[in-house]
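Listed here are the chains, written in short residue letters.
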Amino acid sequence: IGTAGTGKTMCATYLALKDVLEKGEYEKIVIVRSAVQTREQGFVPGTLEQKEAIFEAPYVDIVNDLFGRKDAYQILKMKGMIKFTTSSNIRGLTFDNSVIIVDECQSMNYHELDTIITRVGESSKIIFCGDTAQDDLATSKNKADNSGLYDFLKVLKQITSFNVINFGVDDIVRSGLVKEYIIAKEKILEAA
């Protein structure tokens, strides 16, 4: 859990790749992300894969950056070592021998988070990444569709096999501008 720019997704992806490629403890990485957008765009034409590509793009960039080549993500995907899906298409699946990364989980309601954690199969582990200050569901027209992250964290904190790591402003690595912005924003919110 942490503010923008702290490297939550990068760290999770790096560690998952290490577990799969170096340690050989798991067969694949499964990345799950909500299809909630920061702003509604209306109907997007194309196949499911084409629509999901919008949400998959950050992971393509991260993996390619980590390997220093522009085709690393596609190679791992073709080999079945990385799988991407949105939380919309997860019901009924079981992920065995996998490192599951659930990203942008602040944009998932409790039902989605509950559904995802119950997909964890044998010999798997799951990593949740989110920022409680970037709740894209807050602008949802359906007010019953609130972020479930707060309540979900309460449950996770009761499970001894889970650790919650909190990143703060001092952990921002994206850029100096992002760090300055987050600090200024927090000061204004605290004063309000």
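Residues numbered from 1 in each chain as written. Predicted model: local features only at pLDDT ≥ 70, side-chain atom pairs only at ≥ 80, totals over all residues. Heavy atoms only, no water.

Novice: What's the story with the packing of aromatic side chains in this structure? I'm lost.
Specialist: Scanning all chains against the criterion turns up four aromatic pairs. Relative to Phe 152, the ring of Phe 128 has its centre 4.9 Å away and its plane inclined at 65°; by these criteria the two rings are edge-to-face. With a gap of 24 residues between them, Phe 128 in strand β4 (residues 125–128) and Phe 152 in helix α5 (residues 149–156) connect regions that are remote in the sequence. Classification of Phe 128 as buried rests on a relative accessible area of 15%. Members of the aromatic cluster, each reached through a chain of ring pairs, are Tyr 110, Phe 128, Phe 152 and Phe 162. (Phe/Tyr/Trp six-rings, centres within 6.5 Å; stacked < 30°, edge-to-face > 60°. Helix = DSSP H or I, 4+ residues; strand = E, 2+ residues; numbered from the N terminus. Buried < 20%, exposed > 50% of the residue type's maximum accessible area, 1.4 Å probe, protein only.)

Novice: In this structure, what is going on with the environment of Glu 56? I would like to understand it.
Specialist: Structurally, Glu 56 can be placed in helix α2 (residues 48–67). Sequence separation of Glu 56 and Phe 84 is 28 residues, and the distance between their C-alpha atoms is 6.8 Å. The residues contacting Glu 56, other than those within four sequence positions of it, are Tyr 73, Lys 77 and Phe 84. (Contact = heavy atoms within 4.5 Å.)

Novice: What am I meant to see in the layout of surface pockets here?
Specialist: One water molecule sets the probe size; rolling that probe over the atoms shows where empty space is left. Looking at the largest pocket, its volume works out to about 680 Å³. Ile 126, Ile 127, Phe 128, Asn 163 and Ile 165 are, among the 24 residues lining the largest pocket, the residues nearest its centre. If you list the elements that add at least two residues to the lining of the largest pocket, you get α1 (8–22), β4 and α5. Among the residues forming the lining of the largest pocket, the class breakdown is 18 nonpolar, three polar and three charged. Forming the walls of the second largest pocket are 20 residues, and the residues nearest its centre are Gly 5, Lys 8, Thr 9, Glu 104 and Arg 174. (1 Å grid on protein atoms, 1.4 Å probe; cavity = no way out; pocket = protein on both sides within 12 Å on 5 of 7 lines; lining within 4 Å. Points joined across faces, edges and corners; volume = space filled by probe spheres on them. Nonpolar A, V, L, I, M, F, W, Y, C, P; charged D, E, K, R; others polar.)

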